Amino acid sequence: MKLKIPTISLFFFLISIPATLLEASNNGNRGFILEENEDTHLKRSDFPSGFLFGTATSAYQVEGAYLEDGKSLSNWDVFSHSGCCEENGDIADDHYHMFLGDIELMHSIGIQAYRFSITWARILPRGRFGKVNPAGIMFYNKIIDNLILKGIEPFVTINHVDLPQELEDRYGSWLNPEMQEEFLYLAETCFKSFGDRVKYWITINEPQLLAELAYEWGVFPPCRCSEPFGHCLDGNSDVEPIIVMHNLLLAHGRAAKLYHEYFQAINYVLPTQGGSIGLTVHAYMYEPLTDSELDHQAAKRAFAFHSGWTLDPSIFGDYPEELKEYLGYALPSFSLDEKNFMKNSIDFIGINHYSSIYVKDCTNASCSATGNCAIQGFLEAVGERDGVPIGEHTGANNSYVVPKGMEEIVNLIKIRYNNKPMFITENGYSTPDLHEQRVDELTNDFKRIEYHTKYLASLAKSIRGGADVRGYFAWSFMDSYEWLYGYDVRFGLYHVDRQTLARTPKLSASWYKNFLSKNSDFVFMETSRDNIY
């Protein structure tokens, strides 16, 4: 089946990000110098004491070992071999066998936290219908123990896209409410097995985007959609994403309720773990295309239909009013009991932010066939205004460098959700398709350094303005499998050779180490691979 890829939505999930305004010059073996401005004068002390700096990955994208030690096939194992993808995660970065060396590299940079995810099919190969796989539990115990040994805080995502293929075959995946029970069992297994050492949990990564890509556009498994969103064998793009989101949200809420009542709080059944739990949202900063009131309302509506679809129920216990207005009776209702356990079900908000985008209203303007749909909120995202892009392009479609968007999205979330604690759980820069370039060109990633510098400077401004942001995770630790883009789109601080799997530090890894270890202005930092060790 040939897949129609929604460039705006897919960009976010595949995390292909913007380029830059970089003016950097090689300085021999001593590194490079950025054009000096206020954004380049970035110091570790610009962030609060206790602020966590880390890196992030997800299981399917890095682990490999797809059929080892009792693991069953996941939905992505099957999907990536179905002819829809040119590459797969069978080996990926072989993190399953190389995790000790990877943790040592993280330690050498000086990162304080590592966000990673659990492979559902590795610890529960058949879900509730089989036994817990002790080899899978042992693998994640080794990761957690070795991270702590190196002084790195484990930040664990329970589910980041992949799930056992048996659950997809049995239930049709997240269309079935039974998946709530399956996820609750997974979460409970994780809390019992790892919660004595894990103090930061994320239930589900970007639930709204998962529903959109898999059940609206049909480009992620189980590939369900309808016209005008795609040409799938089955599905209903106007209805199924709504059902899926409801099940995802209730699965999160039930897991969070279990954690709060039996693991986080003092009780007489289990030892108190005392950690915190949240979830993540993909978070474009939406800007009105014009100064018209309709476009301003469309920008607000875009937030509600994306980040708000996840965060409003998880904090306020109900869906945003915009969804109720535009989706009507198609939107399920939460029962009183569900509202009670959904409300304040998160202790923190995880923000995955990469880019800003313009939004135009489609209720009174001509738009594409998909923009004219209620499931999209009768709005359309566009990258240009009067032929001028919102920011500099990168190799990915509809992705732009707009550093001010970081401050803007954090401030928006701060105000809407009463300054609930936040973590920037993903932020990073992707290169274009550079598979023909030499390793030395791939590792001299000046643009990635400028991207992180400018976005961190923007984040620091929001923190000075009172935003309760407690950490920042660079996506990603190393180049990895980027879903439908395969291995050609790269985000890593480390380059991974696809033949040998050797990790080579990019200049950005050295920059990150210098930033974390020296409290000097960024513009005066010396950056070279020699400094990484």
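A brief look at the structure comes next. (Residues numbered from 1 in each chain as written. Predicted model: local features only at pLDDT ≥ 70, side-chain atom pairs only at ≥ 80, totals over all residues. Heavy atoms only, no water.)

1. Some thoughts on the nonpolar core
Here is the rule: Residues belong to a common nonpolar core when they are buried Ala, Val, Leu, Ile, Met, Phe, Trp, Tyr or Cys residues joined through side-chain atoms within 4.5 Å. Buried means the residue's accessible area, taken with a 1.4 Å probe over protein chains only, is under 20% of the maximum for its type, while exposed means over 50%, and partly exposed covers the values in between. Numbering of helices and strands runs from the N terminus; a helix is a DSSP stretch of H or I covering at least four residues, while a strand is a stretch of E covering at least two. Two residues form a contact once any of their heavy atoms are found within 4.5 Å.
Membership of the largest hydrophobic core comes to 159 residues, with the highest contact counts inside it found for Trp174, Leu459 and Tyr512. Ranked by residue count, the leading element in this core is helix α10 (residues 240-264), at 12 residues. Ignoring anything within four residues of it in the chain, the contact list for Leu459 reads Phe47, Phe51, Met406, Val410, Ile424, Val469 and Tyr472.

2. Quick notes on helix α18 (residues 507-517)
Within α18, 10 of the 11 residues are buried, which leaves the element mostly enclosed by the surrounding structure. Restricting attention to buried positions, one finds in α18 the residues Leu507, Ser508, Ala509, Ser510, Trp511, Tyr512, Lys513, Asn514, Phe515 and Leu516.

3. Quick word on the sheet that holds strand β5 (residues 153-159)
Short version of the rule: Here a strand pair is declared whenever DSSP counts at least two bridges between the two strands. Geometry is summarised by axes, namely lines fitted to C-alpha atoms with helices restricted to the contacting stretch, and by angles between N-to-C directions that run from 0 to 180 degrees.
Ordered in space as β3-β4-β5-β6-β7-β9-β16-β17, the eight strands form a closed barrel in which the pairing is parallel. Averaged over all pairs of adjacent strands, the angle between strand axes in this sheet comes to 25 degrees, irrespective of strand direction. One ladder, built from four bridges, connects strand β9 (residues 348-352) with strand β16 (residues 422-427); its direction is parallel. Across the sheet, the residue bridging to Asn352 is Glu426, located in β16. Of the strands in this sheet, β7 (276-282) and β9 touch helix α12 (residues 307-316), which is tilted by about 155 degrees from β7.

4. A word on the pattern of salt bridges
Quick reminder of the rule: A carboxyl oxygen of Asp or Glu within 4 Å of a side-chain nitrogen of Lys or Arg is what we treat as a salt bridge.
On inspection of all chains with the given rule, the structure shows 27 salt bridges. Notably, a salt bridge pairs Glu240 with Arg224, separated by 2.7 Å at the nearest N-O pair. A residue pair is termed long-range when its members are at least 10 positions apart, and Glu240 in helix α10 and Arg224 in the loop between α9 (207-215) and α10 qualify at 16 residues. Note that Arg470 is salt-bridged to Asp468, the shortest N-O span being 2.9 Å. Overall, Arg470 belongs to the partly exposed group, its relative accessible area being 40%. The class for Asp468 is partly exposed, based on a relative accessible area of 22%. Salt bridges sharing common partners tie together Asp318, Glu321, Lys324 and Lys339.

5. Things to note about the state of the cysteines
Filter applied, for reference: When two cysteine sulfur atoms lie within 2.5 Å, the pair is treated as a disulfide.
Summed over the entire model, instances satisfying the criterion amount to two disulfides. There is a disulfide in this structure between Cys362 and Cys367, and the S-S distance comes to 2.1 Å. Classification of the bridge connecting Cys362 and Cys367 rests on its S-S torsion, roughly -95 degrees, and on that basis the disulfide is left-handed. Across this residue pair, the class does not change: Cys362 and Cys367 are buried. Once the disulfide-bonded cysteines of the protein are ranked by sequence position, their pairing pattern turns out to be 1-2, 3-4. This cysteine, Cys84, is not joined by any disulfide, and Cys223 carries the nearest cysteine sulfur, 5.2 Å off.

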